[in-house]
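A look at the structure
In case you want the letters, here they are:
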Amino acid sequence: MAAPVKVYGPTLSTAVSRVLACLLEKDVEFQLVPVNMATGEHKKPEYLKIQPFGQVPAFQDESIAIFESRAICRYICEKHADKGNKNLYSTNPLVKASIEQWLEAEGQTYNPPSSALVFQLAFAPRMNIKQDEESIKLNDQKLSKVLDIYDQRLESSRFLAGDEFTLADLSHLPNTHYLVTVGNRGEAFSSRKNVDRWWNEISSRDSWKKVVEMQKSK
Amino acid sequence: MVMKVHGSVLSTAAMRVLIALNEKGLEFEFVPVDMRAGEHKKEHFLALNPFGQVPAFEDGDLKLFESRAITQYIAHVYEDKGTPLVCEGKPMATVVVWMEVEAHQFDPVGSKLQWELLLKPMFGMATDAAVVEENEAKLAKVLDIYEARLSQSKYLGCDCFTLADLHHLPILTNLMGTHVKKLFDARPKVSAWVADIMARPALAKVLAMRNQQ
């Protein structure tokens, strides 16, 4: 039996938690390797060997070392296609195309405003960095427009890519969790009927609850 | 029924899809979207892409948006045609890594530079020198990492040309026509890679299409 896969980075990182949620959905055993970002460990030569951009997460299994959370998630799903949640990243080309479309939408359209807000609202205060009110206002507006489109989509579809919970939905969990808790942006989600339904459903999944527990215990 | 690409030849995202289709030698119909007239925000286009962005794509009953999802679809479903834009087996994981790098490290910075240096002047707006300087510095750091990567690998993803390289072409084409070119020229491996991928016939075909419109 293969050794547990390794994920490098703190559970509090949105990108790291994206990968952890995927591993839990797929029932793939993993070992979390801490990276001390407060002391700049992620910018040191040893770490840059496995993630040249000096960001978390990095990932290793017995055959490969990769980075970029969404690439890691796709790899885990393809390598362990028969394990855990088989619908997460369908092998059917037409279903997969829809998953890829919404995974790209998350990465290109949802992620920029939501991660800017997560930084400003959740991390900046902790790091004693002054919040940028302009950025918050701008990104609240952008997020609002995106959520309107999501609400429209989720009117006719249970999950983003279709009837099943997939990598496309999973990818939204980390940023959204911070937005609705520490970020005080719950209303943006709860005020939109279909987004509210969708968020409640995806955030109640056992895999995500476990990740949130892991974040609390660090 | 022939595949359709809805977009504008000036859109870097639409170009990504057009290049992929040409690499594969696939027949398709290009349906221009008049963005100046706001066509991309109208009902009939929003039905194809609810985000009101180009491109949108149709293959029979399948409708898709997001250029990188479309190119992946094309590369997988038509894998036996034209240039294989993916790798089979293990190296594909690394191709996917560098596709994400393009999307999250290169594209944001490249897009800002092309907006400031090429698009704003076209719309009669003033270039913000501070934004240009800031993003040139960011791009330089990204290209240093590309230089190291291309010292270990012929192309970004693996030893053959894949989507990981292709996705850079639209913004590269634009940036190489500005003073930002020097950042690429200053790094030998990057410079050679740029020259190699920009010499591909599929790109020339798409640029010819662009010049005709």
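None of the values given here were measured: they were computed from a predicted structure.

Turning to the overall build of chain B, a few remarks are in order. Helix and strand content of chain B: 10 helices and four strands. At 17 Å, chain B has a C-alpha radius of gyration in line with the 17 Å of a compact globule built from 213 residues. Projected onto the principal axes, the alpha-carbon positions of chain B cover approximately 50 × 45 × 30 Å. The buried share among the 213 residues of chain B stands at 58%. Considering only intrachain contacts with a sequence separation of at least 6, the fraction spanning at least 24 residues in chain B is 67%. As displayed, chain B has an accessible area near 9100 Å², and 55% of this comes from carbon and sulfur atoms. Charged side chains of chain B number 23 positive and 27 negative; the gap between the two group centres comes to 3 Å.

Along chain A, the regular secondary structure elements total 10 helices and four strands. Its helices and strands taken in sequence order, chain A reads β-α-β-α-β-β-α-α-α-α-α-α-α-α from the N to the C terminus. Computed over C-alpha atoms, the radius of gyration of chain A comes to 17 Å, within 12% of the 17 Å expected from 2.2 N^0.38 for 218 residues, which places it in the range of a compact globule. The C-alpha extent of chain A, read off along each of the three principal axes, is 45 × 45 × 30 Å. Counting over 218 residues, chain A shows a buried share of 55%. Taking the intrachain contacts of chain A between residues at least 6 apart in sequence as the baseline, contacts between residues at least 24 apart amount to 65%.

Another point: the sheet that holds strand S2 (residues 28-32) of chain B. Either a parallel or an antiparallel arrangement is found when strands of a sheet pair, and the pairing is made through backbone hydrogen bonds. All names here are of chain B. If you walk across this open sheet you meet the four strands as S2-S1-S3-S4, and the pairing is mixed. In the strand order of this sheet, the two ends are held by S2 and strand S4 (62-65), each with one partner. The average angle at which neighbouring strand axes cross in this sheet is 20°, direction not considered. Alignment of strand S1 (residues 3-7) against S2, held across five bridges, turns out to be parallel. Residue pairing in the sheet places Met3 in a bridge with Phe28 of S2. Seen against the sheet, helix H1 (residues 12-23) touches S1 and S2 and runs at an angle of roughly 155° to S1.

Attention now moves to the UniProt feature "domain: GST N-terminal" (unreviewed entry) in chain B. Per the UniProt entry, the sites bearing "domain: GST N-terminal" (unreviewed entry) are residues 1-82 of chain B in this numbering. Between the end C-alpha atoms of residues 1-82 of chain B the distance is 20 Å, and the span holds 33% helix and 22% strand.

Bringing the pattern of salt bridges into the picture now. Residues and elements named next belong to chain A. One pass over the full model with this rule turns up 24 salt bridges over all chains. A salt bridge links Glu46 to Lys49; the nearest nitrogen and oxygen atoms lie 2.7 Å apart. The same class applies to Glu46 and to Lys49, which are both exposed.

Turning to the confidence of the model for chain B, a few remarks are in order. Confidence in the prediction of chain B, expressed as mean pLDDT, is 96, and 99% of residues score 70 or more. Across the interfaces of the predicted complex, the ipTM metric reaches 0.96, alongside a pTM of 0.97.

Across soluble globular proteins, you tend to see nonpolar side chains buried next to one another. If you look at the biggest cluster of nonpolar residues, it comprises 132 residues, and the most contacted ones within it are Tyr150(A), Leu167(A), Trp98(B), Leu139(B), Tyr146(B) and Phe184(B). Here this core gets 12 residues from one element, more than from any other, and that element is helix H4 (residues 91-122) of chain B. With residues near it in sequence (within four places) discarded, Tyr146(B) still touches Phe53(A), Trp98(B), Val101(B), Glu102(B), Phe106(B), Leu156(B), His168(B), Val190(B) and Trp193(B). Counting residues in each nonpolar core, the second largest holds five residues, with Phe45(B), Leu48(B), Val54(B) and Ala56(B) among its members.

With that settled, consider the pairing of strand S1 (residues 5-8) of chain A. Residues and elements named next belong to chain A. Pairing between S1 and strand S2 (residues 30-33): four bridges, direction parallel. In the sheet register, Lys6 faces S2, and the bridge partner there is Gln31. Sheet topology note: the S1/strand S3 (residues 58-60) ladder contains three bridges and is antiparallel. Across the sheet, residue Val7 finds its bridge partner in S3, namely Phe59.

Across the boundary between the two partners, chain A contributes 27 residues, which contact 28 residues of chain B. Carbon and sulfur atoms make up 68% of the area that chain A and chain B hide from each other, which totals about 2400 Å². On the chain A side of the interface with chain B, the three residues burying the most area are Phe53(A), Gln101(A) and Gln108(A), jointly 24% of the side's total. In this assembly, chain A and chain B are joined by one salt bridge.

Before going further, it helps to examine the packing of helix H3 (residues 67-77) of chain B against H4(B). All names here are of chain B. Look at H3 against H4: their axes get within 13 Å of each other, and the N-to-C directions meet at 160°. Judged by the inter-axis angle, H3 sits roughly antiparallel to H4. Where H3 crosses over H4, the handedness of that crossing is right-handed. From H3, Arg68, Gln72 and His76 reach across to H4, where they touch Met92, Met99, Glu102, Ala103 and Asp107. Looking at side-chain class alone, the contact of H3 with H4 contains three nonpolar, two polar and three charged residues.

The next thing to look at is the side chain of Thr94(B). Following the sequence through the fold, Thr94(B) ends up in helix H4. By relative accessible area, Thr94(B) is classed as buried at 19%. When residues no more than four places from it in sequence are discounted, the contact partners of Thr94(B) are Ile64(A), Arg149(B) and Gly157(B).

Calculation notes
Residues numbered from 1 in each chain as written. Chains lettered and ligands numbered in written order. Predicted model: local features only at pLDDT ≥ 70, side-chain atom pairs only at ≥ 80, totals over all residues. Heavy atoms only, no water. Helix = DSSP H or I, 4+ residues; strand = E, 2+ residues; numbered from the N terminus. Rg over C-alpha atoms; globule rule 2.2 N^0.38 Å. Buried < 20%, exposed > 50% of the residue type's maximum accessible area, 1.4 Å probe, protein only. Contact = heavy atoms within 4.5 Å. Areas by Shrake-Rupley, 256 points an atom, 1.4 Å probe, with all protein chains shown as cover. Lys, Arg positive; Asp, Glu negative; His and termini not counted. Charge placed at Lys NZ, Arg CZ, Asp CG, Glu CD. Pairing = 2+ DSSP bridges. Axes fitted to C-alpha atoms, helices over the stretch in contact; angles between N-to-C directions. UniProt positions renumbered as here; feature names shortened; annotations may be inferred. Salt bridge = Lys/Arg side-chain N within 4 Å of Asp/Glu carboxyl O. pLDDT = per-residue confidence, 0-100. Core = buried A, V, L, I, M, F, W, Y, C linked by side-chain atoms within 4.5 Å. Buried area = accessible area lost by both parts, 1.4 Å probe. Parallel < 35°, antiparallel > 145°, perpendicular 65-115°, else oblique. Left-handed = near helix turned anticlockwise from the far one by under 90°. Nonpolar A, V, L, I, M, F, W, Y, C, P; charged D, E, K, R; others polar.

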